[in-house]
Amino acid sequence: MSYVHDSPGGTEAHGVDLVDGDDPAVRILVHGDLPTTIEYEGRTWLASGEAHDGDDQAPPIAVYRPVAEPEADAGP
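Residues numbered from 1 in each chain as written. Predicted model: local features only at pLDDT ≥ 70, side-chain atom pairs only at ≥ 80, totals over all residues. Heavy atoms only, no water.

Draft legend 1. Highlighting the overall build of the protein. Counting its secondary structure elements, the protein contains 0 helices and 6 strands. When the helices and strands of the protein are listed from N to C terminus, the series reads β-β-β-β-β-β. Buried residues in the protein amount to 24% of all 76 residues. Within the protein, residue pairs in contact and separated by at least 24 positions form 40% of the contacts whose partners lie at least 6 positions apart. (Helix = DSSP H or I, 4+ residues; strand = E, 2+ residues; numbered from the N terminus. Buried < 20%, exposed > 50% of the residue type's maximum accessible area, 1.4 Å probe, protein only. Contact = heavy atoms within 4.5 Å.)

As structure tokens, then:
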């Protein structure tokens, strides 16, 4: 399933895979410049610097991974 995320700047569309461990990746399209982080379904995803190889017809797909959630403080 694909989703679209709008980002300021630029007019190009970029493919992004949201990768969380062994779960299937979620592919989204980002219109505009690729941001450092993406908010998606209540989670924050950080650009990993990785990419799946593109071909001569399309640019590489950027990989984003989830930002670690802070553990809840159990208290005293």
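Draft legend 2. Fine view of unusual backbone geometry. We note that Glu 41 has phi near 50°; this positive angle belongs to a residue other than glycine. One can find Glu 41 in the loop between strand E4 (37-40) and strand E5 (43-52).

Draft legend 3. Here's a closer look at the pattern of salt bridges. All told, the structure shown has 3 salt bridges when counted by the stated rule. Residue Arg 43 is joined to Asp 20 by a salt bridge in which the shortest nitrogen-to-oxygen separation is 3.0 Å. With Arg 43 in strand E5 and Asp 20 in the loop between strand E2 (13-18) and strand E3 (26-31), this residue pair connects regions lying 23 residues apart in the sequence. Glu 50 is paired through a salt bridge with Arg 65; the nearest N and O atoms lie 3.1 Å apart. In this pair, Glu 50 sits in strand E5 while Arg 65 sits in strand E6 (residues 61-66), placing the two residues 15 residues apart along the sequence. A residue is classified by how much of its surface remains accessible, and Arg 65, at 33% relative accessible area, is partly exposed. (Salt bridge = Lys/Arg side-chain N within 4 Å of Asp/Glu carboxyl O.)

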